[in-house]
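# Report on the structure
Each chain is listed here by its residues.
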Amino acid sequence: MPSILERAYGAEEFRDAGHALVDALADYLDLVKRRVPEKAIEWVEPETATRAWEERLKEGASPLALFESVLADSVKLHHPRYMGHQISPAAPVAALAGMLNDFINNGMGVYEMGVAGTAMERAVLASVARKMGFGESAGGMLTSGGTLANVTALLAARSIKAKTHVWKEGGAAPLALLVSEEAHYCVDRAVRIMGWGEGGIIKVPCDQRFALRTELLEPLYRQALAQGKEVIAVVGSACSTSTGSFDDLEAIGAFAEAHGLWFHVDGAHGAACVYAPGYRHLLRGLERADSVTMDFHKMLLTPSLTTALVFKREKDSFRTFAQKAEYLLDQAGDEDWYNLAKRTFECTKTMMSLRAYTLLQQYGEGLFEEYITKVNDLCAAFADILESRPHWQIATRPSCNILCFRCVPSEGPEESHNALNAQIRVDLLHEGRFYIVQTQLRGKIWLRVTLTNPFTTIEDLKELITHIEERAPVKIHRTT
Ligand SMILES: *Cc1c(COP(=O)(O)O)cnc(C)c1O
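All chains use their own residue numbering, which begins from 1 and follows the written sequence. Confidence filtering applies because this is a predicted model: local features only for residues at pLDDT of at least 70, side-chain atom pairs given and counted only at 80 or more, and all residues used for totals across whole chains, interfaces and linings. To get the side-chain values, all heavy atoms of the structure are used, and hydrogens and water are removed first.

In this text, helices come from DSSP runs of H or I with a minimum length of four residues, and strands from runs of E with a minimum of two, each type numbered from the N-terminal end. What the protein chain contains, in helices and strands, is 16 helices and 11 strands. Every radius of gyration here is taken over C-alpha atoms, with the globule rule written as 2.2 Å times N^0.38, N being the number of residues. What you see for the protein chain is a C-alpha radius of gyration of 24 Å, in line with the 23 Å of a compact globule of 480 residues. In terms of its C-alpha atoms, the protein chain occupies a principal-axis envelope of roughly 75 × 60 × 40 Å. Counting only residues that meet the buried cut, the protein chain has 51% of its 480 residues in that class. Residues count as neighbours in contact if any of their non-hydrogen atoms are within 4.5 Å of one another. Taking contacts inside the protein chain between residues at least 6 apart in sequence as the whole, the part at least 24 apart equals 71%. The rule is simple: take the accessible area with a 1.4 Å probe, protein chains only, and divide by the maximum for that residue type; under 20% is buried, over 50% is exposed, in between is partly exposed.

Have a look at this one:
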């Protein structure tokens with residue numbers, strides 16, 4: 001009898017389970033792309049799901065049976081009617097790269113724990129920085145998500161711009177930064193984590209398009225100074241999460257430069273538009289930034305989490321942490337780019353470079369260009385349809401692949417519209433044929449889609465509208 005350990009590392013067991021899984025995934029991909037099964041999500045109440053999964057843990061199953069149960073209980077991003085959150089359906093070869101990464105399990109904190117991964121990360125960052133329009137001295141690293149990238153960038157900003165050496169002496173208040181009121185919540189969170197408190201986040205109101213009102217930067221900055229705050233940074237959103245609105249990076253960059261502020265661009269979602277010439281203009285002024293966050297797992301078809309944090313001057317990235325860990329990092333004072341843990345929150349870090357590198361090497365930037373152009377164009381076409389129909393509103397014209405819209409039967413007060421749209425979203429979730437989400441903007445509830453699946457068609461979107469109209473709890477009298 002082989003021991004449990006011998007079984008766990010048996011090459012033949014692995015080969016059989018691996019082949020079975022890849023076959024199952026290839027079949028799944030083929031079916032799901034053709035909208036079979038019909039549902040993009042199989043909704044199960046949290047308590048029911050937990051009971052079932054606890055039961056399975058006791059019963060045991062073959063690896064394939066387990067993996068198939070996971071597929072059945074998971075939202076299907078490869079289904080063209082998945083149009084919910086911003087994560088992209090992983091390109092299959094990038095998922096294979098992910099499996100290789102999990103298998104070899106190189107730690108990546110220091111160079112010798114991931115030679116290939118470190119070098120690939122260097123190559124990916126160099127190509128991203130070039131694409132963004134930065135010069136030779138730019139560089140950066142990959143990290144686990146936009147949230148972490150943003151706080152990493154802001155820590156570097158603090159280290160470089162703040163009068164007090166907070167890392168050494170503590171006491172962060174009254175530092176502050178300026179950011180749009182529509183920014184992702186993680187910027188607010190980063191400020192509080194850094195100990196700047198509520199006063200550390202100065203929210204700049206937005207215009208009708210939900211973009212930061214740049215003419216308010218100057219007066220809000222002056223007001224903050226008068227209140228005794230030390231403003232060190234301004235953050236631009238490219239784009240905002242709820243509506244996909246791009247701030248005017250050119251104007252924010254000029255403002256930052258005039259006052260010697262750090263300019264960080266949260267491009268977690270939209271910085272990817274550097275790859276699509278038709279949408280590159282949305283990022284005009286990006287090269288003015290001191291640091292930029294860009295998620296590969298949102299608009300660049302890469303499994304999560306894979307996020308690039310680019311610094312205009314790579315040496316700034318060594319300022320985030322200034323800490324000794326002698327057993328790991330000798331020459332703690334050196335700017336040795338190849339020992340990545342010096343600059344990232346992660347110590348052990350997954351080889352996320354492999355996923356992005358694989359896509360770039362196998363398909364080139366043309367993959368990203370084709371994808372981004374397709375989903376962004378589709379979103380504009382969807383907005384056209386909604387605008388041409390009675391009983392529908394859009395929050396603002398879409399810039400990329402995010403759109404907020406709502407059903408507004410002419411009769412009934414505002415609250416009833418909110419209730420109606422919230423109900424529509426719950427019904428859709430429970431039915432599972434379309435996966436969309438919702439958001440709140442200025443007190444109104446909106447349905448929200450991110451058209452992230454490259455195989456979603458305008459027909460899918462027309463069906464979504466008809467589906468809602470036919471089932472809306474408030475009967476819509478269709479005139480078209
Ligand atoms: C999604 C998003 C984030 C968060 O990124 P994660 O990778 O989910 O941590 C931050 N900012 C913006 C603008 C986003 O859209």
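Following the structure, the description resumes.
Quick look at the packing of aromatic side chains now. Stacked, tilted and edge-to-face pairs are distinguished by plane angle, under 30 degrees for stacked and over 60 for edge-to-face with tilted covering the rest, among Phe, Tyr and Trp rings (Trp via its six-membered ring) whose centres lie within 6.5 Å. Across all of its chains, the model carries 12 aromatic pairs by this definition. Considering the side-chain rings of Tyr111 and Tyr338, the 5.8 Å spacing of their centres and the 70° angle between planes classify their relative orientation as edge-to-face. Taken together, the positions of Tyr111 in the loop between α5 (92-104) and α6 (115-132) and Tyr338 in the loop between β7 (307-311) and α13 (353-363) put the pair 227 residues apart, joining distant regions of the chain. A relative accessible area of 33% places Tyr111 in the partly exposed class. Note on Tyr338: relative accessible area 34%, which makes it partly exposed. Among the aromatic side chains, those forming a connected cluster through ring pairs are Tyr111, Trp337 and Tyr338. In this arrangement the basic side chain of Lys33 is found over the ring face of Phe455, its NZ or CZ atom lying 4.8 Å from the centre. Our definition puts a charge over a ring when NZ of Lys or CZ of Arg is within 6 Å of the ring centre and also within 35 degrees of the ring normal. Over the face of the ring belonging to Trp53 we find Arg56, whose NZ or CZ atom lies 4.3 Å from the ring centre.

This part is about the packing of helix α10 (residues 217-226) against helix α11 (residues 249-259). As a packed pair, α10 and α11 sit with axes 11 Å apart at the nearest point and diverge in direction by 35°. Relative to α11, α10 is oriented so that their crossing is right-handed. Where α10 abuts α11, its residues Leu217, Glu218 and Tyr221 lie against Ile252, Phe255 and His259. Three classes are used: nonpolar for Ala, Val, Leu, Ile, Met, Phe, Trp, Tyr, Cys and Pro, charged for Asp, Glu, Lys and Arg, and polar for all others, with Gly counted as polar. Tallied by class, the residues present in the contact of α10 with α11 amount to 4 nonpolar, 1 polar and 1 charged. Lines fitted to C-alpha atoms define the axes, with helix axes restricted to the stretch in contact, and inter-axis angles between N-to-C directions lie between 0 and 180 degrees. Take the far helix as your reference; a near helix turned counterclockwise from it by less than a right angle gives a left-handed crossing, and one turned clockwise gives a right-handed crossing.

Note: two strands are recorded as paired if DSSP finds a minimum of 2 bridges between them. Taken in spatial order, the 7 strands of this open sheet run β1-β7-β6-β5-β4-β2-β3, and their pairing is mixed. At either end of the open sheet lies a strand with only one pairing partner, and these are β1 (139-143) and β3 (201-204). Recorded for the sheet is a direction-independent mean angle of 20° between the axes of neighbouring strands.

Quick look at helix α15 (residues 414-431) now. Expected span of a helix: the number of residues minus one, times 1.5 Å. Between its first and last C-alpha atoms α15 spans 26 Å; for 18 residues at 1.5 Å apiece the expected length is 26 Å, and the two agree. Those residues of α15 not exposed but buried are His417, Asn418, Leu420, Asn421, Ile424, Arg425, Leu428 and Leu429. Gly432, located one to two residues past α15, shows a positive phi value of around 85°.

Once that is clear, we can look at α13. Listed as buried for α13 are Ser353, Leu354, Arg355, Ala356, Thr358, Leu359 and Leu360. At its buried positions, α13 is contacted by α5, α6, β1, α12 (296-299) and α14 (365-388). Backbone geometry just after α13 places Gly364 at a positive phi near 80°.

This brings us to the pattern of salt bridges. In what follows, salt bridge is the name for a side-chain nitrogen of Lys or Arg lying within 4 Å of a carboxyl oxygen of Asp or Glu. Counted by the stated rule, this structure contains 32 salt bridges. When the shortest N-O distance is used, the salt bridge between Glu431 and Arg471 registers 4.0 Å. You can see Glu431 sitting in helix α15 and its partner Arg471 sitting in helix α16 (residues 458-471), a full 40 residues away along the chain. Overall, Glu431 belongs to the partly exposed group, its relative accessible area being 28%. For Arg471, a relative accessible area of 41% gives the class partly exposed. Here Glu459 makes a salt bridge to Lys462, at a shortest N to O gap of 3.7 Å. On the criterion of helical spacing, the pair formed by Glu459 and Lys462 is a turn pair, its members being 3 residues apart in helix α16. A residue is classified by how much of its surface remains accessible, and Glu459, at 47% relative accessible area, is partly exposed. Among the residues examined, Lys462 registers a relative accessible area of 34% and is labelled partly exposed.

What follows deals with the nonpolar core. Counting residues in hydrophobic clusters, the biggest one holds 61 residues, and the most contacted among them are Met132, Leu178, Val234, Phe296 and Ile372. Counting 34 residues, the second largest nonpolar core, distinct from the first, contains Ala153, Met194, Leu309 and Met351. By nonpolar core is meant a set of buried Ala, Val, Leu, Ile, Met, Phe, Trp, Tyr and Cys residues that side-chain atoms within 4.5 Å join together.

A regular strand places its side chains on the two faces of the sheet in alternate fashion. Where burial is concerned, most of strand β4 (residues 230-237) is hidden: 8 out of the 8 residues are buried. With 5 bridges connecting them, strand β2 (residues 175-180) and β4 associate as parallel partners. Within β4, the residue paired with Leu177 across the bridge is Ala233. Relative to strand β5 (residues 262-266), β4 is paired through 5 bridges, and the arrangement is parallel. When the bridges of β5 are listed, Gly236 appears paired with Val265.

This paragraph deals with the site of the ligand. Any residue with a heavy atom positioned within 4 Å of a molecule or strand is treated as near that molecule or strand. The ligand sits among 15 residues. The nearest are Gly146, Thr147, Asp266, Asp295 and Lys298. Contact between the ligand and Thr147: an oxygen atom at 2.8 Å from a side-chain N or O atom of the residue. Asp295 has a polar side-chain atom sitting 2.8 Å from an oxygen atom of the ligand. Computed by Shrake-Rupley with a 1.4 Å probe, the accessible areas treat only the displayed protein chains as cover when residues are assessed. Relative to its free-state accessible area of 380 Å², the ligand is covered by the protein chains to the extent of 88%. Per element, the largest residue contribution to the shell around the ligand is 3 residues, and it comes from helix α7 (residues 146-161). For the shell around the ligand, the residue count by class is 3 nonpolar, 9 polar and 3 charged. Polar contacts, as used here, are pairs of N or O atoms within 3.5 Å; protein pairs need one atom able to donate a hydrogen and one able to accept it. Residues neighboring in sequence count only if both atoms are side-chain atoms.

Taken by themselves, the reported measurements are silent on function.
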